[in-house]
Each structure stands twice: as structure tokens, then as C-alpha cells.
Amino acid sequence: MGGSVLISGAGVAGSTLAYWLARHGFTVTVVERAAGQRSSGNPVDVKGHAVAVAEDMGVMPQLRAAATAVRRLVFLDTAGRERAGVSLSAFQGSAGDREVEISRADLAAILLAAARDNAEIRWGDAITGLEQAGDAVEVTFERGTPAHFDLVIGADGSHSAVRRLAFGPDSAFVRHMGMYVATLPVDHTLAGEDAVAMVSSPGRAFSVHPAHGIPLAAFFFRQRTVPDFDYRDLEQHKRLLAAAYAGKLGVYEEFLDRAAAAEDLYFDSVSRVSLPHWSIGRIGVVGDAASSLSLFGDGSTLAIIGAHTLAAELASTPGDISGALARYERRHRAVVRPKLRGFALARMLLVPNNRANITARNLAVRAMDTVL
């Protein structure tokens, strides 16, 4: 039997890790700051080896039932005319048509439901202190009684509290990549229920994804670091969006008005998390808390694979936590590294910086579509 593990975060990585650790005989507690699971979320992919992990968990039927019906990506101009389009089959991974696209919230909820019977879930609480003492980690919480665990894992995203408490401030490990992104739910699509529509202008893009019945609008734009940026400051976010997009959306200007009036608006920097090591003693990180390039890449796929790898290594040598953490890091860095190198290409595809590059992108997309 394994020891006791505290996981911070009930998202994709945390839920997957909780399932596999419990299956391997560990005593698992998950602490989540939110009071309950979110009801919305941007669409993400379950691709490659993550599909096999989900199949082994028995959750693929639920994932397919909640999956989007999106089949195409179309590029529009600000007058509403289609300039290019491509089948999303061009972006399939190694698992082919077994792969699914699903909202992040639905994915996390399905994964957590699989783990819930064998893991304790503490909603509405958060870790405030970590102190390693011998063979345990002493943990203090915002609301709960202090406790000790054999191992603590931060699966709490790019703004990880565990990483900050154990490794140091975000400024040491999180680098702004010259872009910001905002998303909000809207009431209609731009190109039907089976297509993501994207509107480009130099240095900025706007899209509407049909999702799973609740369309999601997204704004992503190039901009250097905003001084005193706060990912929790809604009014600051609305000012930044207005400055970037006012007069730039043409016939889609109404969506900027929706953002200005929204109470449910996600806004953050597109950032890269880069740590020299993913563990310190009996404290480790997984998913975006360990290594991420938000918005681009296969974040949820990597989170599932990383959590599965971590659980497998801990189970293989339950008495050697440091060795298991080192092997997990070595194996998963090899999977993550190539994905991180794709940022420049993805940014060029989605947010060209001038009109000539927009035209070149559209020509390349048309050519790709004729081959498929």
C-alpha cells in the first residue's frame, strides 16, 4: 500500500492523479480552492497517449458524449467573408479518430467523478503553508485543520500556490510570452455548430467556438507585459480589451460590447512556466504548475499523461519518493519539450503580426485543405 498524498487542484491533472494514486493503493486527499466544479471552460483536446489513459480509466464513453461536434476551422475577415478553412483532422495526433475535443470543465468533472469514490475532496479550501519535517510535509490550510502527508503535489495550474510556497515567487519561473487571452460565453456561433470561426487583424485575433451548446468567444492579442497586471482584476481586463480591439472587429464589434458588460470573463497572460526541477523533497508539481505554455500546445493531454506517469512511478517504488519524482520528471520532460518548441509556429498561425502574414497564412491553409 502507498502512503498519504495531498493534491492541490481538482482540475485535469489533479483529478487524473487522484484516480491513479487511489487505484495504486495510496490514501488521497484533493483540496480545491473553488467551492465546486466550474460550469464552463475553453475547449481542450484529449489526444495521443492521453486517450489510452482515459480508456483505461473507463471514461471515454462519457468524454465522447460531452465532446464538441467541431470539424473545421475557418478564417474570416472583419467584413464577415470567409478567407480560408481547413478540416481539423489535419491536427489529429497519434490516436487518430479516437481523440476528442471537450470543454476543460467537462473533462475535469468526468475525471474527478472517476476518482471521487476513492479520494477525499475538500472544496472551498486552499493550502497556505508547507513545511517539510523528516518523512512528512506539515500542511496548513485557509479553513481546514493543519495535517501532515507523506507527499504533496501541486496540480493547481500556472498560478500554482504549491509552487509559490515550495519553490519561490512566480516572477522566478513564469515568463510572459508577449500575448494575452480573454474568453467568455456567448449566445451564437459565426460559422455553424461544426466550425470554429476566427477573425484576424494584425497582432490580434477573435474567435467563436461552438463548444458543446454554449459558444465561447476568445480574444487573443500580442502585447508586451502590462505593468501591475493582475489576472483577478476584471476592470483592468476590460480596459485592456477595449484598448486592443476598439474599432478593429468590423461587423463583430458587438462581441467587444458583450465583453465590456460581462461578469464571467476569463483573462490572463499567455505565459511559459519553466522550473529547473519539478520537486523539492516530498513536494512536487504536475500539469501546468510544472511546465506549461498556456493557450497553445496540448496542455490537457500533457496533464493527463504527466499525472499518469507520476502515479506509475510512485507506485513502482512507494518507499522511494525522491527516486519516483526524479524518474517522473525525466520521462515527462521528454514528452513536454517538443510541444513547448511549437509556440512560435502556433502564434504565427493564429495571430499573424501584419496583413502580409495574414494573407500568407490563409494561402497556406487553403493549400492544406486541398490536400486533405
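Predicted, not measured: the structure shown is a model, and the values here were computed from it.

A count of helices and strands for the chain gives 11 helices and 19 strands. Its C-alpha radius of gyration of 21 Å places the chain within 12% of the 21 Å reference for a compact globule of 372 residues. Reported as C-alpha extents along the three principal axes, the dimensions of the chain are approximately 65 × 45 × 35 Å. Every one of the 372 residues in the chain was classed for burial, and the buried ones make up 52%. Long-range pairs, those at least 24 residues apart, make up 71% of the contacts in the chain with a sequence separation of at least 6. As displayed, the chain offers around 16,500 Å² of accessible surface, 51% of which is attributable to carbon and sulfur atoms. Measuring between centres, the 38 positive side-chain charges of the chain sit 8 Å from its 39 negative side-chain charges.

Turning our attention to the packing of aromatic side chains. In this structure the tally under the stated criterion is 12 aromatic pairs. Geometrically, the ring pair formed by F206 and Y252 is tilted, given 6.3 Å between the ring centres and 35° between the ring planes. One end of the pair, F206, is in strand β14 (residues 204-209); the other, Y252, is in the loop between α6 (234-245) and α7 (253-261), with 46 residues separating them in the sequence. With a relative accessible area of 0%, F206 lands in the buried category. With a relative accessible area of 8%, Y252 lands in the buried category. Members of the aromatic cluster, connected to one another through ring pairs, are Y180, F206, F219, F221, F229, Y245, Y252, F255 and F267. For R258, the ring lying beneath its charged end belongs to F255, and the centroid distance is 5.6 Å. Above the plane of the ring of F75 lies R361, whose end atom (NZ or CZ) is 3.9 Å from the centre.

So, on to the sheet that holds strand β9 (residues 136-141). Sheet architecture is open: 3 strands sit in the order β8-β9-β10, paired in antiparallel fashion. Of all the strands in the sheet, just β8 (127-133) and β10 (147-149) have a single pairing partner and so form its edges. Shown here is a sheet whose adjacent strand axes are inclined to one another by a mean of 30°, direction ignored.

About the cut-offs
- Residues numbered from 1 in each chain as written.
- Predicted model: local features only at pLDDT ≥ 70, side-chain atom pairs only at ≥ 80, totals over all residues.
- Heavy atoms only, no water.
- Helix = DSSP H or I, 4+ residues; strand = E, 2+ residues; numbered from the N terminus.
- Rg over C-alpha atoms; globule rule 2.2 N^0.38 Å.
- Buried < 20%, exposed > 50% of the residue type's maximum accessible area, 1.4 Å probe, protein only.
- Contact = heavy atoms within 4.5 Å.
- Areas by Shrake-Rupley, 256 points an atom, 1.4 Å probe, with all protein chains shown as cover.
- Lys, Arg positive; Asp, Glu negative; His and termini not counted.
- Charge placed at Lys NZ, Arg CZ, Asp CG, Glu CD.
- Phe/Tyr/Trp six-rings, centres within 6.5 Å; stacked < 30°, edge-to-face > 60°.
- Lys NZ or Arg CZ within 6 Å of the ring centre and 35° of its normal.
- Pairing = 2+ DSSP bridges.
- Axes fitted to C-alpha atoms, helices over the stretch in contact; angles between N-to-C directions.

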